[in-house]
Amino acid sequence: MHKTTALIFGYNKYGLEIVQNIREKYERTRLYSQDESNLSDEINEVEYFDLSDDWSSIENTVKISDSIAFCVLEDDAQNIFLTISLRAYFKDLSIVAIASNLENANKLTMAGANKVIPVVETAADIIANILELPISSKVLESILFEENDLKIAQIKIDEDTILKDRELLSIDWNEYRGIIVLSLMDKDMKNEFIYSSKVKHHVLKCGDILVVVGYEKDIEDFKELIGSERI
Amino acid sequence: MIKRLIVNASYALQTSKRYQSNKRFFYNLLENDKYRYKKYIDILMITLIFISVAVLIREVKYPVNDYLLFFSTYIISIIFFIEYVLRLWVSSSVSEIIVKRAEHDSFLGHSISLSKALLTVFRVKVAYIVSVRAIIDLLAILPFFHELRLLRIFILFRVFKLFRYARSFQTLAGVLATKKFEFITLGLFSSIVIFVSSVLIYVMEANNDASPINTLFDALYWSIVTISTVGYGDVTPVTDAGRFVAMLVITAGIAVLAFTTSLVVSALTDKLEEIREVKTIENLSKMQEFYLICGYESVAKELCKKLASSSHNIIVLDEDITRINMAKKDGLTALHYSPGKISSYKNLGIDISKQVKAVLCLRANDVENVYTALTVRSFDKEVFILSLLMNDSNRKKLEFAGINHLVYPQELVAMITKEFIGKPVAFEVVHAMRSANGNVKIDELAVTTRVRENFKTIGELGNSAYRVIVLGVYKNDTDKFLFNPDKDTAIEVGDYIIAIGYEVFIGEFEHHLQTKVRDA
């Protein structure tokens, strides 16, 4: 379900970068700071918060089910405390959190975060990729961050899709020129590589999602051809 | 006239590139431990030494082949003589001394004093000739005059030359030299005990007919055998007074032995870290390709784990000893040198252009990273430098410092977040391919001559049979990535095939590319 409000906890470099990048995607973005001196920010809508259990001000002004929270406090312990505090109060809130390392990433998951980004691990992964696989690293980056016309898209199988009820193995993807199908996510939300033996005999059903890479026009053509929708 | 001739010749030699390069070559070959080919000369010399000793031993009781004897006596001696002369030549520069003196005198407006220059040359060369190493080298040549039977024993001096070639001996000698004062004290103490006990035992025993100690030499022999705690038992005191002296000497012997052992152990313990570092630096100059990690903090720690798991060579430099110890604890080759100082690279003998694959400035401090990058760039303009960027306002400064790629973690997190909230499934797919922990990998397969011989076009690769997706081809000649190319797209040597699949299948696919032989 599409979220309309982004709640960013942490007035720091991470918080400000996130605000810049996601502002266009949400109707409303709110930045929360533990320091009252930041409330005078003229560019961003900044509100004060503390780590007490009183979240009523947020509850009264925001529809939680339509919101996503970003916990980006630089102190890992505080970030974990914030996450657990939000989760305890809001069962339906989607929470994305950052962690400095894998150990704290696990703790954040246990605290109820839906998605955790281990900053150090991710930076190290990216550096290792740049060093070891410079070409593919550039390609993936350009696909993921849409730096050129090459895009990655999610195509949902629905009732009218011509691929519905077809076994994966029986589909010749070469028929669909210009696109490459990378993986399939089934109804159980398990993401499997398209050549995985687990999904070889999988029969496409409503709700399955295909992850495809291609140029914008080819993805659109593919979507039209199979009668599906892009999500 | 002669003076001018000598001075001119000295200037000519000093400025002759050919002469200087030859001299440097021989210096490196004989004296520079970091020189790649020195070890081959060392091995050759060690082999010659062992041949000499083997011939000497064999010769004692059995006849030795004439050719072998000739080789051992003359050829090896001549080789050692040439080595001796070369070492004498490279030990100091005569022309440099003369030129310096000439310039000194000219500067002061005096006439050039060649005699002073030659005196300095004489002093310098004699200082080398009388050094222990040079004397051993000289003695090793003496068996050339093997007709003098006594000189044959000098073959054993060739064994002492091993000290020159085996670096560990020199290290050990260096370590023990740090305890020079203690060893001198111990030597003095032992000498006094030996002297006093020898005289005492001689006084006590020499007039006793039943005693085997009849001369002062017997007494000295007994003292040394006893104090060293060897105690052969062939010479023993028979009088009560003599036995009392023996008890004292034995007690002193135990003390001497304990003191010696503790001295050696403490010298080694003190210097162990230094020895290890010297060894690491030696190995470093021989290392072919490695990543140079400048600054060992959280990202560096994580990155090193990943690079080490792919069997890459990694060298960590950091000026902070705590971080260096942490890197060592993590099993890395870490050196306590500042990556921002030119002297660090000089002392370590790192040839950045030849040895370093990439320099990674991974301090969580932009100032330090700029400093390091500029230092590296002052050595080498081409090497790939990657750096962390901690504050976006410093981006231009880091780029200006010559850093090729910046990784800004905050921006990374924001981009990932943006992508995650937009296309979570797609994000997971790409992230899994990038992550070291995922099963599905993305890989770059180089098109070699062999691959090109086997396959001409993308359609011929047969990747589907290996459950591998060919995402595209990187064309080396045009520096462009062709996404999902047509079957008829030609592949050329130098191109890269970007493949996605399970690691094991990619491995099999790569093997197939390398080994498939096309049907005639």
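Structure first, text after, so check above.
In what follows, the accompanying structure is described. Please read these numbers as outputs of a predicted model, since none were measured by experiment.

**Describing the overall build of chain B**
Logical step 1: A count of helices and strands for chain B gives 24 helices and ten strands.
Logical step 2: For chain B, long-range pairs separated by at least 24 residues make up 63% of all intrachain contacts whose partners lie at least 6 apart in sequence.

**Some details on the overall build of chain A**
Logical step 1: Along chain A, the regular secondary structure elements total seven helices and eleven strands.
Logical step 2: Burial analysis of chain A (231 residues in total) assigns 56% to the buried set.
Logical step 3: Taking the intrachain contacts of chain A between residues at least 6 apart in sequence as the baseline, contacts between residues at least 24 apart amount to 59%.

**Considering unusual backbone geometry**
All names here are of chain B.
Logical step 1: Positive phi, normally seen in glycine, also occurs at Ser-311, with a value near 60°.
Logical step 2: Within the element layout of this structure, Ser-311 appears in the loop between α15 (298-309) and β2 (314-317).
Logical step 3: Residue Ser-311 is classed as exposed on the basis of its relative accessible area, which comes to 65%.

**Description of the sheet that holds strand β5 (residues 94-99) of chain A**
Strand pairing in a sheet relies on backbone hydrogen bonds. The paired strands run either parallel or antiparallel.
Logical step 1: Read across the sheet, six strands follow the order β3-β2-β1-β4-β5-β6 (chain A) without closing on themselves; strand pairing throughout is parallel. Only two strands of the sheet have a single neighbouring strand rather than two, namely β3 (46-48) and β6 (115-118) of chain A. Neighbour-to-neighbour, the strand axes of this sheet turn through a mean angle of 20°, independent of strand direction.
Logical step 2: When strand β1 (residues 5-9) of chain A meets strand β4 (residues 67-71) of chain A, the two strands line up parallel, connected through five bridges. By the bridge assignment for β4(A), A:Leu7 is matched with A:Ala69.
Logical step 3: Relative to β6(A), helix α21 (residues 409-422) of chain B is tilted by about 155°, and along the sheet it contacts β4, β5 and β6 of chain A.

**What to know about the pairing of β4(A)**
Residue and element names in this part refer to chain A.
Logical step 1: Most of β4 sits out of view: five of its five residues are buried.
Logical step 2: With burial as the criterion, each face of β4 is covered, one bearing Ser-67, Ala-69 and Cys-71 and the other bearing Ile-68 and Phe-70.
Logical step 3: In the sheet, β4 pairs with β5 via four bridges, with the strands oriented parallel. The residue bridging Ala-69 from the neighbouring strand is Ile-95, located in β5.
Logical step 4: Crossover connection from β4 via helix α3 (residues 76-89) to parallel β5: handedness right-handed.

**With respect to helix α16 (residues 321-329) of chain B**
Residues and elements named next belong to chain B.
Logical step 1: Residues Arg-323, Ile-324 and Ala-327 constitute the buried set of α16. Angularly, the buried residues of α16 cover 100° about the axis, an arc narrow enough to put them on a single face. Counted as exposed and oriented over 90 degrees from the buried face of α16: Thr-322 and Lys-329.
Logical step 2: After α16 finishes, the residue Gly-331 shows a positive phi value of roughly 80°.

**Thoughts on the interface of chain B and chain A**
Logical step 1: Across the contact, 67 residues belong to chain B and 65 residues belong to chain A.
Logical step 2: Of the roughly 6,100 Å² buried between chain B and chain A on both sides combined, carbon and sulfur atoms contribute 72%.
Logical step 3: Counting the surface chain B buries against chain A, the share from its top three residues, B:Arg434, B:Arg467 and B:Phe483, is 13%.
Logical step 4: Here chain B and chain A share two salt bridges between them.
Logical step 5: Of the charged contacts, one joins A:Asp125 and B:Lys306 as a salt bridge, the two residues approaching to 3.1 Å between their closest N and O atoms.
Logical step 6: One can count seven residue pairs in polar contact (both at pLDDT 80 or more) joining chain B with chain A.
Logical step 7: In terms of residue count, α21(B) provides more of the side of chain B that touches chain A than any other element does, 14 residues in total.
Logical step 8: Looking at side-chain class alone, the side of chain B that touches chain A contains 42 nonpolar, twelve polar and 13 charged residues.

**Thoughts on the side chain of B:Ser10**
Logical step 1: Structurally, B:Ser10 can be placed in helix α1 (residues 2-15).
Logical step 2: Those residues within four positions of B:Ser10 in sequence are excluded, and the remaining contacts are B:Ser95, B:Ile98 and B:Val99.

**Overview of the packing of aromatic side chains**
Logical step 1: Enumeration over the complete set of coordinates arrives at 17 aromatic pairs over all chains.
Logical step 2: Through successive ring pairs, a cluster of aromatic residues spans A:Phe9, A:Tyr32, A:Phe49 and A:Trp55.

**A few points about the nonpolar core**
Logical step 1: By size, the foremost hydrophobic cluster in this structure holds 52 residues, and its most contacted members are A:Phe70, A:Ile127, B:Ile293, B:Leu303, B:Val316, B:Leu360 and B:Leu362.
Logical step 2: Per element, the largest residue contribution to this core is nine residues, and it comes from helix α5 (residues 119-132) of chain A.
Logical step 3: Not counting chain neighbours up to four residues away, the residues in contact with A:Ile127 comprise B:Val299, B:Leu303, B:Leu362, B:Leu386, B:Leu388 and B:Val407.
Logical step 4: Ranked by size, the runner-up nonpolar core spans 50 residues in total, among them A:Ala153, A:Trp173, A:Tyr176 and A:Val211.

**Considerations on the pairing of strand β8 (residues 469-475) of chain B**
Residues and elements named next belong to chain B.
Logical step 1: Within β8, seven of the seven residues are buried, leaving the element largely enclosed by the surrounding structure.
Logical step 2: Of the pairings in the sheet, the one linking β8 to strand β10 (residues 496-502) comprises five bridges and is antiparallel in character. Among the inter-strand pairings, Val-473 is bridged to a residue of β10, identified as Ile-497.
Logical step 3: Pairing of β8 with strand β9 (residues 480-483), which is carried by four bridges, proceeds in the antiparallel orientation. Looking at the pairing, Gly-472 lines up with Phe-483 of β9.
Logical step 4: Where β8 folds back onto β9 in an antiparallel hairpin, the turn is made up of four residues, including Asp-479, whose phi is positive at roughly 55°.

**Re a nonpolar patch on the surface**
Logical step 1: Side chains of B:Ile184, B:Leu188, B:Ile192, B:Phe195, B:Val196, B:Val199, B:Leu200, B:Tyr202, B:Val203, B:Met204 and B:Leu216 sit close together on the surface and give an oily, nonpolar patch of about 980 Å² of accessible area.
Logical step 2: With respect to the helices and strands, B:Val199 occurs in helix α12 (residues 180-205).

**Thoughts on the environment of B:Lys397**
Logical step 1: Positionally, B:Lys397 belongs in helix α20 (residues 395-400).
Logical step 2: Within the structure, B:Lys397 has its side chain in polar contact with the side chain of B:Asn394 (distance 3.0 Å).

**What about a positive patch on the surface?**
Logical step 1: Taken together, the side chains of B:Arg36, B:Lys39, B:Lys286 and B:Lys354 define a basic patch exposed on the protein surface.
Logical step 2: Inspection of the secondary structure puts B:Arg36 in the loop between α2 (17-31) and α3 (38-61).

**Concerning the state of the cysteines**
Logical step 1: Tallied over the entire structure, the rule returns zero disulfides over all chains.
Logical step 2: Cysteine B:Cys294 shares no disulfide, and the gap to the nearest cysteine sulfur, in B:Cys361, comes to 5.1 Å.

**Quick word on the sheet that holds strand β3 (residues 333-335) of chain B**
All names here are of chain B.
Logical step 1: Strands sit in the order β3-β2-β1-β4-β5-β6 across an open sheet of six strands; the sheet is parallel. Two strands lie at the open edges of the sheet, namely β3 and β6 (405-407), each paired on one side alone. On average, each strand axis in the sheet is tilted by 20° relative to the strand beside it, whichever way the strands run.
Logical step 2: Sheet analysis places β2 next to β3, joined by three bridges and oriented parallel. Bridge assignment links Ile-315 to a residue of β3, and that residue is Thr-333.
Logical step 3: Those strands touched by helix α14 (residues 240-286) are β1 (290-294), β2 and β3, and its axis lies near 110° from that of β3.

Parameters at a glance
Residues numbered from 1 in each chain as written. Chains lettered and ligands numbered in written order. Predicted model: local features only at pLDDT ≥ 70, side-chain atom pairs only at ≥ 80, totals over all residues. Heavy atoms only, no water. Helix = DSSP H or I, 4+ residues; strand = E, 2+ residues; numbered from the N terminus. Contact = heavy atoms within 4.5 Å. Buried < 20%, exposed > 50% of the residue type's maximum accessible area, 1.4 Å probe, protein only. Pairing = 2+ DSSP bridges. Axes fitted to C-alpha atoms, helices over the stretch in contact; angles between N-to-C directions. Right-handed = clockwise from strand over helix to strand, strands pointing away. Arc of directions from axis to C-beta. Buried area = accessible area lost by both parts, 1.4 Å probe. Salt bridge = Lys/Arg side-chain N within 4 Å of Asp/Glu carboxyl O. Polar contact = N/O pair within 3.5 Å; in protein donor to acceptor, adjacent residues only side chain to side chain. Nonpolar A, V, L, I, M, F, W, Y, C, P; charged D, E, K, R; others polar. Phe/Tyr/Trp six-rings, centres within 6.5 Å; stacked < 30°, edge-to-face > 60°. Core = buried A, V, L, I, M, F, W, Y, C linked by side-chain atoms within 4.5 Å. Patch = residues over 30% accessible without salt bridge, like charges linked within 9 Å, V, L, I, M, F, W, Y side chains within 5 Å. Areas by Shrake-Rupley, 256 points an atom, 1.4 Å probe, with all protein chains shown as cover. Lys, Arg positive; Asp, Glu negative; His and termini not counted. Charge placed at Lys NZ, Arg CZ, Asp CG, Glu CD. Disulfide = S-S within 2.5 Å.

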